[in-house]
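Take a look at the letters that make up each chain.
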Amino acid sequence: MSSQRATDSKLSTKISMALLADGLDILPEPIVITTPDGQIHYANNVAMDLFQGQGNIRSSRLLTQSILQWLRPEDWTQISYRMQRAASYDLDATLCVDEVAKSVAVALRLLSIPDLDDMWLWRIQDLTQQRQQEANWLEQTAVLERSSRHMAAFLSNMSHELRTPLTSILGFSSMLKQKIFGELNEKQDVYVQHIHRSGKYLLALINDILDLSKIEAGQLLLEKTSISIAVICDESIQLVQQQAQMRQIIIGSHLDSRLKTLWADDIRVRQMLLNLLSNAVKFSEEGGVIEVGTTEKDGMLCIAVKDNGIGIAPEKHYLIFKPFQQVDESIARRRQGTGLGLALTKHLAELHGGTVTFESAMNQGSCFVLKLPIGSEPID
Ligand code: ADP
């Protein structure tokens with residue numbers, strides 16, 4: 001009777017093993033069952049592919065082999081040490097199949113099946129492709145970092161090399177203009193004025209190009225501080241006031257007194273505002289009116305610079321934020337500009353998490369709105 005029970009028990013174990021093998025066969029990842037000394041008892045189809053290579057004739061020989069032949073000795077030492085002390089162990093290992101090293105993640109589980117010796121179930125995940133992609137990605141990042149460092153060095157050299165001689169040109173032409181060392185004849189006077197004006201234009205162009213290149217190389221970092229909205233608006237207006245007065249242009253401001261401070265890069269906000277204001281002056285007719293206003297919407301500070309100048313034709317609107325685009329070249333040349341101001345302003349606003357938009361109609365004027373997150377000093 002008891003021998004009958006033993007036979008039944010062995011039979012049910014065999015059936016359970018067959019069912020388990022059937023289930024494991026359809027899994028998409030390699031599964032292997034071994035004895036604790038590494039002798040393979042079962043390998044599903046994907047495991048066969050992994051160890052024997054796809055397309056090879058499936059060999060049941062695999063089932064009589066030891067998994068140790070594909071493992072590095074140090075991985076096996078780890079595995080046997082850990083599995084003697086616990087029922088599971090996960091590790092990253094290397095399998096050597098046909099002299100090719102494969103990176104794998106192995107999850108080992110102890111299988112305790114009644115009437116059978118303990119077995120180990122190996123779930124293997126082939127990470128070779130993933131590791132290769134990670135290595136490629138690291139390599140690309142390193143290349144990018146190297147070229148970004150070169151770009152930064154190039155920009156700072158360029159900046160120094162170009163600005164140094166220009167400073168002399170501007171300084172000496174300014175002295176000649178002021179006639180510090182004596183009178184100039186009429187022609188000399190005109191030429192010196194030209195040299196000085198062209199020098200200033202070149203300096204503005206170099207500064208804008210360097211700023212744009214820095215932004216594009218991801219090298220322009222903002223230095224945010226708490227800045228007074230009223231001070232920054234008033235001081236920017238002051239800077240274009242003389243230019244405006246020369247052409248009888250009036251600049252008024254309507255600043256919302258409830259809006260006190262902005263968490264932003266002081267120099268860059270001034271740069272953006274100055275671009276918008278000097279454009280408003282440049283493209284206004286004599287006797288024009290410019291209004292600067294501030295409002296708040298959804299946590300954003302909106303600074304509007306509105307003029308009643310020449311406006312921009314609708315078919316040219318798409319060009320406005322593109323570098324070196326001057327919509328009406330004849331006017332732009334007469335009033336001097338690099339064609340980079342708005343492209344820079346847009347990039348700088350976006351670096352702050354803001355935007356610049358505009359509305360304009362021919363001969364009716366333009367309204368540019370700079371929107372910046374009001375923000376606040378981060379708490380450490
Ligand atoms: P620029 O140095 O020529 O001012 P910007 O990038 O600042 O370069 O502006 C690009 C062009 O957009 C200008 O040349 C001008 O044609 C047009 N523009 C900008 N602001 C105004 C404005 N307030 N009114 C009319 N046209 C404008």
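Counting restarts for each chain, with residues numbered from 1 along the sequence as it is written. In keeping with the model being predicted, local features are shown solely for residues with a pLDDT of at least 70 and side-chain atom pairs are shown and tallied solely at 80 or more, while totals for entire chains, interfaces and linings include all residues. The basis for every side-chain value is the complete set of heavy atoms in the structure, and neither hydrogens nor water enter the calculation.

**A few points about the packing of helix H5 (residues 186-216) against helix H9 (residues 341-351)**
Between H5 and H9, whose axes approach to 10 Å, the crossing angle comes to 35°. Considering only the axes of H5 and H9, their crossing is left-handed. Residues Asp208, Asp211, Leu212, Ile215 and Glu216 of H5 pack against Gly341, Leu344, His347, Leu348 and Leu351 of H9. Lys, Arg, Asp and Glu make up the charged group, whereas Ala, Val, Leu, Ile, Met, Phe, Trp, Tyr, Cys and Pro make up the nonpolar group; the residues left over, Gly among them, are polar. A breakdown of the residues in the contact of H5 with H9 according to their chemical character gives five nonpolar, two polar and three charged. Angles run from 0 to 180 degrees between N-to-C directions of axes, and those axes are lines fitted to C-alpha atoms, restricted for helices to the stretch in contact. Numbering of helices and strands runs from the N terminus; a helix is a DSSP stretch of H or I covering at least four residues, while a strand is a stretch of E covering at least two. By definition, any crossing whose near helix is turned counterclockwise from its far helix by less than a right angle is left-handed, and any crossing with a clockwise turn is right-handed. Contact definition: two residues touch when any of their heavy atoms are within 4.5 Å.

**Some points on unusual backbone geometry**
Positioned with a positive phi, glutamine 248 is a non-glycine residue whose angle comes to about 50°. Among the secondary structure elements, glutamine 248 is positioned in the loop between helix H6 (229-246) and strand E7 (250-254). For glutamine 248, a relative accessible area of 48% corresponds to the partly exposed category. Remark: exposure states derive from per-residue accessible area (1.4 Å probe, protein chains only) relative to the maximum for the residue type, with buried under 20%, exposed over 50%, and partly exposed in between.

**Some details on the environment of methionine 158**
Its location among the elements puts methionine 158 in helix H4 (residues 128-177). For methionine 158 and leucine 210, which are 52 residues apart along the polypeptide, the C-alpha to C-alpha distance reads 8.4 Å. Sequence-distant contacts of methionine 158, defined by excluding residues within four places in its chain, comprise Arg163 and Leu210.

**So, H6**
Taking 1.5 Å per residue as the helical rise, H6 with its 18 residues ought to reach 26 Å, and the 27 Å between its terminal C-alpha atoms agrees with that figure. The reported bend at a residue is simply the angle between two axes, fitted to the 7 residues ending at it and to the 7 residues beginning with it. Of all bends in H6, the biggest is about 45°, found at valine 240. Where H6 is concerned, the buried positions are Ile229, Ile232, Cys233, Ser236, Ile237, Val240, Gln241 and Ala244. A positive phi of about 50° marks glutamine 248, the residue just after H6. One less than the residue count of a helix, multiplied by 1.5 Å, gives the span that helix is expected to have.

**Quick notes on the pairing of strand E2 (residues 40-43)**
Sheet topology places strand E1 (residues 31-34) next to E2; three bridges connect them, and they run antiparallel. Paired with isoleucine 33 across the bridge in E2 is tyrosine 42. Note on pairing: DSSP must find at least two bridges between two strands before they are called paired.

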